[in-house]
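Listed here are the chains, written in short residue letters.
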Amino acid sequence: MVKKIFIVTCVALLAMSGSSTGWAAKRVIPKPRLKPEILNPETPAPTAPTALGFPAAGFLSAWSKEVVAAERESCAARLKGLNVTFETLAPLGRASGCGAPAPLMVSHIAEVAIVPPAELTCDMTVALHGWLTSSIIPDAHQLLRKKLVKITNASAYVCRRRNNSLSGKLSEHARANALDISTLGFADGSSINVKGDWSGLNQLIGLSAQGNFLRHIRKSACIRFTTVLGPGSDASHGDHFHIDVARRKNGYRICS
């Protein structure tokens, strides 16, 4: 009798394991629980991350209409009468991160092309206009007997930290407050490259007109900008001039 019961039980279990209605087929894999921030409707939606792990500018503009309107009105007054070709852009990012409330896409200043056009704040645009018209253009004529027609924009607005670091403070580039210049071009087709013409034997003995010109305009940039970096400053600025209008306490400037 016991043997018969054992056989019947085994047959039943085998039938269940081969059947679509058996216990094996009815096993349910539990779904993962939703994260608490998704379940809470009061939690703000996450912003789009960049490779550096902080919000990308332009993903969410938090500038108020009043701030944007005031910045644009002020900028229009400051640029009035200046020879600047630009396009007004939509606000970028937010005050606590990357971005600017009233950025401009600047393509020409005093007939000098910025290639490619640069996204800059009004402060930066005004400072750049002053530097070009008071120093670079006349110095090119006086020291080189050449007409400046182009400056190469190596970097303008980009949402990143200083020196592309993974941690630390935001760069002024992240606020559209900076411009990197790598090359200057002239009407005769010639050009001066910051990396190639800054140093060399001729420059060492004072016979390089190109090197002397670069040193002259770098010094004059310190009058217009609050930060001026280039070859010799650090490893990150060996091939270009970095200029910006960072606001610091007590009017502190960096000219290195």
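Here the structure is a predicted model, which is why all the values come from computation and not from measurement.

This part takes up the packing of helix α4 (residues 122–144) against helix α7 (residues 209–224). Two packed helices can be described by the angle between their axes and the distance between those axes. The N-to-C vectors of α4 and α7 enclose an angle of 155 degrees; their axes lie 10 Å apart at closest approach. Considered as vectors, α4 and α7 are oriented roughly antiparallel to each other. Handedness of the crossing formed by α4 with α7: right-handed. Judged by residue contacts, Ala127, Gly130, Trp131, Ser134, Ser135, Ile136, Asp139, Ala140, Leu143 and Leu144 of α4 engage Ala209, Gln210, Phe213, His216, Ile217, Ser220, Ala221 and Arg224 from α7. Residue composition of the contact of α4 with α7, by class: ten nonpolar, six polar and two charged.

Below, the discussion takes up the state of the cysteines. Put plainly, a disulfide is one covalent bond tying together the sulfur atoms of two cysteines. Evaluation of the coordinates by the stated rule reveals three disulfides. The disulfide partner of Cys75 is Cys122, and the gap between their sulfur atoms is 2.2 Å. Handedness here is read from the sign of the S-S torsion; for Cys75 and Cys122, about 90 degrees, the answer is right-handed. Separated by 47 residues along the polypeptide, Cys75 in helix α3 (residues 65–79) and Cys122 in helix α4 bring together distant segments of the chain. Both residues of the pair, Cys75 and Cys122, belong to the buried class. Numbered by order of appearance in the sequence, the disulfide-linked cysteines of the protein chain pair as 1-3, 2-4, 5-6.

Moving on, we come to unusual backbone geometry. Across residues other than glycine, the phi torsion is negative in most instances, and most of the peptide bonds are trans. Cis geometry is adopted by the peptide bond preceding Pro116, which originates at Val115 and carries an omega value of -10 degrees. Unlike most non-glycine residues, Ala110 shows phi in positive territory, near 50 degrees. Phi is positive for Glu111, close to 70 degrees, though the residue is something other than glycine. Looking at where Glu111 falls in the secondary structure, it is placed in the loop between β4 (104–109) and β5 (112–120).

Reading guide: rules and limits
- Residues numbered from 1 in each chain as written.
- Predicted model: local features only at pLDDT ≥ 70, side-chain atom pairs only at ≥ 80, totals over all residues.
- Heavy atoms only, no water.
- Axes fitted to C-alpha atoms, helices over the stretch in contact; angles between N-to-C directions.
- Helix = DSSP H or I, 4+ residues; strand = E, 2+ residues; numbered from the N terminus.
- Parallel < 35°, antiparallel > 145°, perpendicular 65-115°, else oblique.
- Left-handed = near helix turned anticlockwise from the far one by under 90°.
- Contact = heavy atoms within 4.5 Å.
- Nonpolar A, V, L, I, M, F, W, Y, C, P; charged D, E, K, R; others polar.
- Disulfide = S-S within 2.5 Å.
- Buried < 20%, exposed > 50% of the residue type's maximum accessible area, 1.4 Å probe, protein only.

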